[in-house]
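Listed below are the residues making up each chain.
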Amino acid sequence: MNADPPGLDLARLSHHLEREGLTRGPLRAEVIHGGKSNLTYVVRDAERTLVVRRPPLGHVLATAHDMGREHRVMTALRDTGVPVPVTYHLCQDPDVVGAPFYVMEHVEGGHPPLTPEIARDLVSVLATLHSIDPDQVGLGDFGRPDGFLERQVGRWKRQLDASRSREVPGIDDLYARLARDVPRSGSPAIVHGDFKLGNTLIADGRVRAVLDWEMSTLGDPLTDLALFLLYGEFAELDGPGGAVPADPSPELAAPELAAHYAGASGRDLSRLGWYIGLACFKLAVIAEGIHFRYTKGLTVGEGFAEVGDQVAPLVARGLMEV
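Below is a short write-up of the structure. (Residues numbered from 1 in each chain as written. Predicted model: local features only at pLDDT ≥ 70, side-chain atom pairs only at ≥ 80, totals over all residues. Heavy atoms only, no water.)

**So, the overall build of the protein chain**
The helix and strand inventory of the protein chain stands at nine helices and nine strands. Since a compact globule built from 322 residues should have a radius of gyration of about 20 Å, the 20 Å found for the protein chain is in line with a globular shape. Structurally, the protein chain occupies a C-alpha span of about 60 × 45 × 40 Å along its principal axes. Expressed as a percentage of the 322 residues in the protein chain, the buried residues total 50%. (Helix = DSSP H or I, 4+ residues; strand = E, 2+ residues; numbered from the N terminus. Rg over C-alpha atoms; globule rule 2.2 N^0.38 Å. Buried < 20%, exposed > 50% of the residue type's maximum accessible area, 1.4 Å probe, protein only.)

Below is the structure:
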């Protein structure tokens with residue numbers, strides 16, 4: 001048995017998973033995704049490779065890293081057209097590894113450059129997700145779609161107020177414009193919450209799995225579309241430290257991808273500009289929060305020094321739309 005990776009007691013995990021019939025004998029493990037998001041490990045015995053996911057070390061807000069929630073939505077989507085890993089086990093007992101965790105299938109794939117073909121496939125997957133009736137897959141109580149957009153605007157304003165460390169011209173104007181002209185949502189859908197290339201696995205030019213469902217809920221699906229389109233423009237924010245490469249090809253035009261989504265989903269995109277503005281506000285607030293932590297010496301790793309430089313362009317982009 002190799003040394004324990006941070007946050008995973010392999011002896012306890014081995015005993016637990018063997019009792020569940022998932023593994024046999026000593027385990028090896030490595031962290032494949034860390035940081036302030038949920039921790040993801042590849043775990044192997046002599047014959048099988050699995051993935052284990054648990055909350056970040058020392059997290060405070062349990063509701064933000066709800067293992068049962070992630071496990072539930074992926075399990076519900078298993079027999080739909082949305083590619084998700086097969087889920088095998090949920091353990092809510094924190095005594096096993098120090099926190100609740102779940103076990104899922106290991107899917108081969110990676111994060112290649114975002115080509116037009118991959119972008120269109122991602123949009124098709126998104127439209128499929130948004131076409132699923134939550135009640136039909138047991139997710140009718142998965143969120144509160146009424147007032148979803150208003151809560152989103154308010155949430156990111158509170159986040160901004162909590163991380164103010166410098167003057168950001170235009171950001172309060174962007175908030176005010178969003179708050180005074182909230183669109184009326186169409187039919188609610190299962191929303192991923194952070195749909196982007198970096199939260200999927202691609203192999204042979206196709207989407208093989210959609211991951212990182214920790215922000216999923218029931219709400220307005222156009223928030224997913226707008227955020228995905230914006231990540232295409234600000235590829236540096238798709239992954240920690242700009243770890244995900246992007247193809248700046250002009251063929252990745254947002255209008256073409258939006259039209260593809262509209263055709264696949266049948267949804268009205270006449271107010272898409274407002275949703276793009278909200279996505280700009282959200283990413284600007286997140287980037288400003290990272291900048292704030294960076295200036296306080298609270299970030300670990302590379303690529304954080306430049307994140308703050310994205311705030312002004314995001315605000316300017318948002319003000320163009322709303």
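**Focus on the packing of aromatic side chains**
Tallied over the entire structure, the rule returns three aromatic pairs. Here the aromatic rings of W274 and Y275 are separated by 5.4 Å at their centres, their planes lie at 85°, and the arrangement is edge-to-face. The exposure classification of W274 matches that of Y275, with both residues buried. Over the ring of Y88 we find R48, and its NZ or CZ is 4.8 Å from the ring centre. The ring of F142 is capped by R69, whose NZ or CZ atom sits 3.9 Å from the centre of that ring. (Phe/Tyr/Trp six-rings, centres within 6.5 Å; stacked < 30°, edge-to-face > 60°. Lys NZ or Arg CZ within 6 Å of the ring centre and 35° of its normal.)

**Notes on the pattern of salt bridges**
Considering all chains together, one arrives at 19 salt bridges under this definition. Across the pair R317 and E321 runs a salt bridge, and its minimum N-O distance is 2.5 Å. Placement of both R317 and E321 in helix α9 (residues 311-321) is noted, with a separation of four residues, approximately one turn of the helix. On the basis of relative accessible area, R317 is assigned to the buried category, the value being 16%. A residue is classified by how much of its surface remains accessible, and E321, at 30% relative accessible area, is partly exposed. Shared partners join several salt bridges into a network, and the residues in it are R53, E70, D212 and E214. (Salt bridge = Lys/Arg side-chain N within 4 Å of Asp/Glu carboxyl O.)

**A word on the pairing of strand β3 (residues 49-54)**
Walk down a regular strand and you will see the side chains alternate between the two sheet faces. In terms of burial, β3 is largely enclosed, as five of its six residues are buried. Judged from the six bridges that link them, strand β2 (residues 39-44) and β3 form a sheet pairing that is antiparallel. Opposite V42, over in β3, you have V51 as the bridge partner. Between the antiparallel neighbours β2 and β3 lie four residues. (Pairing = 2+ DSSP bridges.)

**Examining the side chain of T87**
On the secondary structure map, T87 appears in strand β4 (residues 87-91). The exposure class assigned to T87 is buried, which follows from its relative accessible area of 10%. In terms of polar contacts, T87 uses its side chain to reach the side chain of T75, at 2.6 Å. Not counting chain neighbours up to four residues away, the residues in contact with T87 comprise H71, M74, T75, R78, V103 and M104. (Polar contact = N/O pair within 3.5 Å; in protein donor to acceptor, adjacent residues only side chain to side chain. Contact = heavy atoms within 4.5 Å.)

**Overview of the sheet that holds strand β1 (residues 28-33)**
Here we have five strands laid out as an open sheet, ordered β1-β2-β3-β5-β4, and antiparallel in their pairing. The outermost strands of the open sheet, each flanked by one partner alone, are β1 and β4. Strand after strand, the sheet turns through a mean of 25° between neighbouring axes, direction not considered. The pairing of β3 with strand β5 (residues 101-105) spans four bridges and is classified as antiparallel. Bridged to L50 within β5 is E105. Along the sheet, helix α1 (residues 10-19) makes contact with β1, β2, β3, β4 and β5, crossing β5 at roughly 65°. (Axes fitted to C-alpha atoms, helices over the stretch in contact; angles between N-to-C directions.)

Any functional reading would require information beyond the geometric quantities listed.
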